[in-house]
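Observations on the model geometry
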Amino acid sequence: MRKRHKWPSKSNNSVTLFRFTEIDGGLSVSEGAAQFADLLVALHIQTAERKITMKMRILLNKMVLNGTLLALGALAPLAGAAPSFKSFRIPTANSEPEGITLGSDGNMWFTEAAANQIGRIDLKGNITEFVVPQPLSSPVDIVSGADGALWFTEESGFPEGIGRVTTGGVFTGFAPDCGGGQPCSLTPRGIAATADGLIWFTDSNSNSIVKLDPATAIMTFFSIPSNGRPTDITLGPDGALWFCEGIADQIGRMDEAGNFNMFGPVTGPNDPIDITTGPDGNLWFVNKFENIIGRVTTTGVITEFTVPTANAQPQDITAGPDGNLYFTEPPINEIVKITPNGVFTNVQAIKPAGSPWGIARDAARNLWITQIDGNKISRLLIP
């Protein structure tokens, strides 16, 4: 014998959620959520009566009113979804990861300053480490070159200073020729690549922006007009190289011919330390010790925004996939968003504390963060 039952909600604005068909004393679902039918079957619910017991009716009505049914229906798709934030431990202990960038192979590549290694992490969190041949080189910053390889600075890499590693793990080192007025050693910090295949980096001791031609291994030094000891460098939206001068408290611009423009001063002392191209066509920089995130247009107009959290000491900044920028706060253990208009939002706390350091975006909507004290690489999904 077949008989249909409707289960309405107590809400006047609700619609019928389920319809059950009774067959020979059993109960089946003819309409409604398949997940709930599975639940009923799993519970072995059967009845010999031609009505639903009051106890079951009360229970299910409570579930509907509390939104539990919606949650149950959402469990299945969420079970296989990646979490919005996840961290992966680096195999080598106390490696002190710093710089991170997207490689041509779709993986993220990072430096391990204390372990003298370059690391690679895929989207699933699998990490492979490659030992830098130059002993005690202390790799710091890293960038993907036009040749598909990764290029990195060796801050203590005498007699070299610049390293290259293919996505297969093959290394090549580059050093100044120690002649023609060139220095015999380098103290490089930031590194950038241009589409013509050239590599550019900052050299602190010589107060220079240096061009490296990989085809000839020749380094050309461009002396900066002010004695600012350059730190980070990036390719700007105008095709020029933009860099930070921590001691002179300035932002510098240099075209590939070696012509300089200096802008500032910014709020100092000993700032800025990091710079990147923003999604808005401007350059964005970090004043670590003054707790400031700054914006500079390609014409040199500077605007500074004070970070709301005191003593946050912002370290690294990158453009996100949503038109905003994101930066790290090592002592606060926080990832923070800033809009192009200067509005701050705390996005992700790092727990346990790991001192988030470098930050970069992959080809999707993930940000990847190095934890210099936590010895981890973290992945943060931006919705």
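Residues numbered from 1 in each chain as written. Predicted model: local features only at pLDDT ≥ 70, side-chain atom pairs only at ≥ 80, totals over all residues. Heavy atoms only, no water.

Some thoughts on the packing of aromatic side chains
For the coordinates displayed, the defined rule picks out 9 aromatic pairs. Here W284 and F305 contribute two aromatic rings whose centre-to-centre distance is 5.9 Å and whose plane-to-plane angle is 15°, an arrangement assigned as stacked. Residue W284 is found in strand 22 (residues 283–287), and its partner F305 is found in strand 24 (residues 302–306); the two are separated by 21 residues along the sequence. Residue W284 is classed as buried on the basis of its relative accessible area of 0%. (Phe/Tyr/Trp six-rings, centres within 6.5 Å; stacked < 30°, edge-to-face > 60°. Helix = DSSP H or I, 4+ residues; strand = E, 2+ residues; numbered from the N terminus. Buried < 20%, exposed > 50% of the residue type's maximum accessible area, 1.4 Å probe, protein only.)

Side note on the side chain of Q371
Secondary-structure assignment places Q371 in strand 30 (residues 366–371). Among all residues touching Q371, those that are not within four sequence positions of it are S87, P97, I350, P352, G354, S355, P356, K376 and S378. (Contact = heavy atoms within 4.5 Å.)

Considering unusual backbone geometry
Omega for the peptide link from G268 to P269 comes to 10°, which places this bond in the cis form. One can find P269 in the loop between strand 20 (260–263) and strand 21 (274–277). A cis amide bond links K351 to the next residue, P352, at an omega of -5°. Mapping P352 onto the fold places it in the loop between strand 28 (344–349) and strand 29 (356–361). Positive phi, close to 55°, is recorded for E96, a residue that is not glycine. Tracing the backbone shows E96 in the loop between strand 4 (85–89) and strand 5 (97–102). Exposure remark for E96: the relative accessible area of 36% places this residue in the partly exposed category.

Focus on the pairing of strand 11 (residues 162–165)
Side chains I162 and R164 project from strand 11 onto one buried face, and the interleaved G163 and V165 project onto a second face that is buried too. As judged from the 4 bridges shared by strand 10 (residues 150–154) and strand 11, these two strands associate in the antiparallel manner. The residue bridging L150 from the neighbouring strand is V165, located in strand 11. Sheet topology note: the strand 11/strand 12 (residues 171–174) ladder contains 4 bridges and is antiparallel. Directly across from R164, in strand 12, lies its bridge partner T172. The hairpin turn running from strand 11 into strand 12, its antiparallel successor, is 5 residues long, and G169 in that turn takes a positive phi close to 95°. (Pairing = 2+ DSSP bridges.)

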